[in-house]
Amino acid sequence: MTEIITRPHEAISLGKSTQIKDLQRITRDWYIISLTLKKIRLPLKQGIYLYDPKNKFMKKALLFLAILTGGFAMAQQKSTGDDAWKKIYRAFATKTNDLVHTKLDAKFDYSKSYLNGKVWITLKPHFYPTDSLELDAKGMNINKVEIVKAGKNMPLKYSYDSLLLDIKLDKTYKKDESYVIYIDYTAKPNEFRTEGSAAITDAKGLYFINPTGEDKTKPTQIWTQGETESNSVWLPTIDKPDQKTTEEFNLTVPDKYVTLSNGKLTAQKKNGDGTRTDTWVMELPHAPYLLFMGVGDYAIVKDTYKGKEVNYYVEKDYEKVARKIFGLTPEMIKFYSEKVTGIDYPWVKYSQIVGRDYVSGAMENTTATLHQESAQQNARELVDGNGWESTIAHELFHQWFGDLVTAESWSNITVNESFADYSQYLWFEYKYGMDEAGFENYNEMQSYLISPGARNLDLVRFYYSNREDVFDQVSYPKGGRILNMLRYYVGDDAFFKSLNEYLTANKFGNGSAVKLRLAFEKVTGKDLNWFFNQWYFGSGHPKLELSYAYDATTQTQKVFVKQTQTGDKLFKLPLAIDIFNGTAKTRYNVWAENKADTFSFTVSSKPDLVNVDPQRVILAERKDDKTLAEYIHQYNYGGFYLGRREALESAVKSISDPAAYNLLVKALSDPYYRIRLRALTNLANAKLDAAAISKIEAIAKNDDHKVVKAGAIDILAKLKNDSYKDFFIKGCRDSSYSVAGASLEALALIDSKEAVGIATALSKDVNKGRLVSAISNVIIKNGDESAFDFISGKFKDMPLTFTKINAATSFADYLNKVSDINKFKKGVDMIVDFRDEIPASARPQTDPLINTALKSLADKREAAGAKEMADYVKSKLPAVK
């Protein structure tokens, strides 16, 4: 996937009174999306933002994720409409024949969105002799099926049902006796129809984007998306993850375009008809779902790693910022090669390409990762931080875990995706330190814990309704957290050595959770069945209640750990416990494995703090019985991100206590910017003294992180102090969309006329991020009926995002100012059309928000005597049951 300089921003707690407008602050946040969108086959548009990264993991923030995923977690096991899948064991695909090599000659018919192909497939029996071959070939016209013998082609008998091509070979072939099949065919991806699932709405494999150039706002491109088993829509093959093939692709395209595929570009030949044929050769074997073709008018920005090409294919408007987006890639390759896997990057090159209208988040095609268009960010967006860095890291790490060693079946997708998920943590730990890694770990953990239904699913899943179902919050963030626990249990040296052992033993082959366990056991000498049975082949997580008691007479500190999760399952948990007396810390290591465990430690005086699992490694829900004083000590001396964050959450609940307030003010100077941002959030509704205001003013002017500056401006805005006017006006032109958006909305609170004038002027420029919603909100809130065309136009052009949900409620409020009945109805229709455009599985969350705004509009119009308008709105609302 794609990210680079910054990370998603801090989360805030949402109270019952929180309105959608509270979700509108700061900048884009692609964190949750990068967790799951990678495998959610939904068409995404440029500019998908979460405007308050601070809200990322709260329930309302997950609303947008629900929109994109179509009710992802809850719908996963319901795609067939019955429970028959519960009895179907999902084994790895039986191997009768093995792929060896694939040679493709491809020509593209842009007018029909067809691929005219000729393919030579080299195969051999896996073990048993065979006289037949079954290939996946979906929705094609099959013109010829022949076997190549001594340079000559001989026709073969075959049957074809539009999904499977059954071929009768010319004889019985024995193990290691190879043969070559030639197929002449036409792929028609736009005419292929498949049922899909909750996670996949489109599986046609080959995508022609604006193929005839009719849309002047969009480039003409071709790209492919193979995972899970969609490459067989454009290429006859054995489309299973336990197959591996080398390849030679000869792609004939208009000469004005560039191409990208797996492996190395070895030749380019100009043809006499305005086309060019590019030859791409992949000499090392990889899985069929990783085969890739990309075609378009791209700028190629070149980088290197140890003499290997590292290239970035971007639309030409983004050529100058490509290195700011992707430029950490060589350093990532070095880190993953040397520090994590101990295996140097195994492939001949690494390229990354951006595709318009991409149906996923990103895809780790071997040597040729495809990213969706939101990876392309302009210079001002990048001032706020590249929201795609974790995606770049995630997809790159797949080149080892997924591409070099591939899950033997979709049931074992954890050995691909959990590792790629955890690679994000490893990168942030290395590049930015433990606080950023702690933030990553916390957010990943929360994204799993708040996912409905996820706790009932095993990590290794041999039973599922649709293979797409396994791409979820269990395989991604939960699996990543399980790897983190495994790392802390065995230790760093053993952990990374075990990764090397697993990759080395299975390279260019297939992996599974069992093979992973065996690698760890070989390195550590420990029996790890208990760990893998508990976490990989089991479901759920512990709920922990922690409490403490000190006996001064016996100088004994007791720590009580209760497991309160429902059911009979108990977890075996290795726990670190830190006991603080002043700044002095003593660490103890214990095992919790009962419904209730009591641990006793001799301590000469009552500790200032007892901190169980200080780095919050254990994947669990926890209830911790600490006092405010203990939380303050935890902030001052606990040392880790989440401990400080927890202290701030405790403080905001007791903000009337001077000690709590002083802690929040102190945290404004924390060295980690996310803690400063959290402190600002928690002070948002506090009565601020002069010292705190002075600190916030300094942050607004001088903080190194633009999103923190914007957070400080949000606090200053609430003061409605006219002396800030010039500062806010200047901020409206800041290079950061976050700062500019915050400044504009702050200005509107003290001089709405000036703010509308600036918003109108700014609307003529290219704007993204928070500034988009700020401009719309200021004009909507303060504009009159003459602004209808501008406001309705902006609303129409907004992509399906949190911002548009927010804008819909604001737009409905604005329509109360509109007296023209035709404009009024047009505006109502636009809101209703947007409401109905949202995927059905997400509408239980979104409809109440939008319908409440419409009902409020109807009530206001009725109260004003505008019965026709009121009735029109009511006609668009669902009947009251």
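These numbers come from a predicted model, not from an experiment. (Residues numbered from 1 in each chain as written. Predicted model: local features only at pLDDT ≥ 70, side-chain atom pairs only at ≥ 80, totals over all residues. Heavy atoms only, no water.)

Caption draft 1: Summary view of the nonpolar core. Ranked by internal contacts, the top residues of the largest apolar core, which has 94 residues, are Leu-680, Leu-688, Leu-744, Phe-811, Tyr-814, Leu-815 and Ile-831. Ignoring sequence-local partners within four residues, the contact set of Tyr-814 consists of Ile-780, Gly-783, Asp-784, Glu-785, Ala-787, Phe-788 and Ile-791. In terms of nonpolar packing, the next biggest core, distinct from the first, is built from 93 residues, Ala-299, Leu-404, Val-415 and Leu-619 among them. (Core = buried A, V, L, I, M, F, W, Y, C linked by side-chain atoms within 4.5 Å. Buried < 20%, exposed > 50% of the residue type's maximum accessible area, 1.4 Å probe, protein only. Contact = heavy atoms within 4.5 Å.)

Caption draft 2: The environment of Gly-540, seen in detail. Secondary-structure assignment places Gly-540 in the loop between α13 (529-535) and β23 (543-551). With 87 residues separating them along the chain, Gly-540 and Gly-453 place their C-alpha atoms 9.7 Å apart. Excluding residues within four positions of it along the chain, Gly-540 makes contact with Tyr-448, Arg-455, Lys-478, Trp-535 and Phe-571. (Helix = DSSP H or I, 4+ residues; strand = E, 2+ residues; numbered from the N terminus.)

Caption draft 3: Highlighting the sheet that holds strand β18 (residues 349-355). If you trace the five strands from one edge of the open sheet to the other, you get β16-β17-β18-β20-β19, paired in mixed fashion. Every other strand in the sheet has two partners, leaving β16 (298-305) and β19 (362-363) as the edge strands with one partner each. With eight bridges connecting them, β16 and strand β17 (residues 308-315) associate as antiparallel partners. Bridged to Tyr-298 within β17 is Glu-315. (Pairing = 2+ DSSP bridges.)

Caption draft 4: Summary view of the pairing of strand β28 (residues 609-612). Of the two faces of β28, the one lined by Leu-609 and Asn-611 and the one lined by Val-610 and Val-612 are each fully buried. Pairing geometry for strand β25 (residues 573-581) and β28, over four bridges, is antiparallel. Paired with Phe-580 across the strands is Leu-609, a residue of β28.

Caption draft 5: View of helix α19 (residues 706-719). Counted at 1.5 Å a residue, the expected span for α19 with its 14 residues is 20 Å, and the 20 Å between its end C-alpha atoms agrees. The buried fraction of α19 is high, at 12 of 14 residues. Listed in full, the buried residues belonging to α19 are Lys-706, Val-707, Val-708, Lys-709, Ala-710, Gly-711, Ala-712, Ile-713, Asp-714, Ile-715, Leu-716 and Ala-717. Where α19 is buried, its residues contact α6 (379-383), α17 (673-682), α18 (690-702), α20 (725-731), α21 (737-750) and α23 (769-782). (Expected span 1.5 Å × (residues − 1).)

Caption draft 6: Layout of the packing of helix α5 (residues 329-341) against helix α7 (residues 389-397). Look at α5 against α7: their axes get within 10 Å of each other, and the N-to-C directions meet at 50°. The angle between α5 and α7 falls in the class oblique. Seen from above, α5 lies across α7 with right-handed handedness. Note on element contacts: α7 touches α5 through Glu-389, Ile-392, Ala-393, Leu-396 and Phe-397, opposite Thr-329, Met-332, Ile-333, Tyr-336, Val-340 and Thr-341. In the contact of α5 with α7, the residues fall into eight nonpolar, two polar and one charged. (Axes fitted to C-alpha atoms, helices over the stretch in contact; angles between N-to-C directions. Parallel < 35°, antiparallel > 145°, perpendicular 65-115°, else oblique. Left-handed = near helix turned anticlockwise from the far one by under 90°. Nonpolar A, V, L, I, M, F, W, Y, C, P; charged D, E, K, R; others polar.)

Caption draft 7: Region of interest: empty space enclosed by the protein. Per the counting criterion, the structure on display carries seven cavities of 30 Å³ or more. The space that makes up the largest cavity amounts to roughly 140 Å³. Elements that contribute at least two residues to the lining of the largest cavity include exactly α9 (434-449), α10 (474-490) and α15 (641-653). With five residues, α9 is the largest single contributor of residues to the lining of the largest cavity. Taken together, the residues of the lining of the largest cavity sort by class into 10 nonpolar, five polar and one charged. (1 Å grid on protein atoms, 1.4 Å probe; cavity = no way out; pocket = protein on both sides within 12 Å on 5 of 7 lines; lining within 4 Å. Points joined across faces, edges and corners; volume = space filled by probe spheres on them.)

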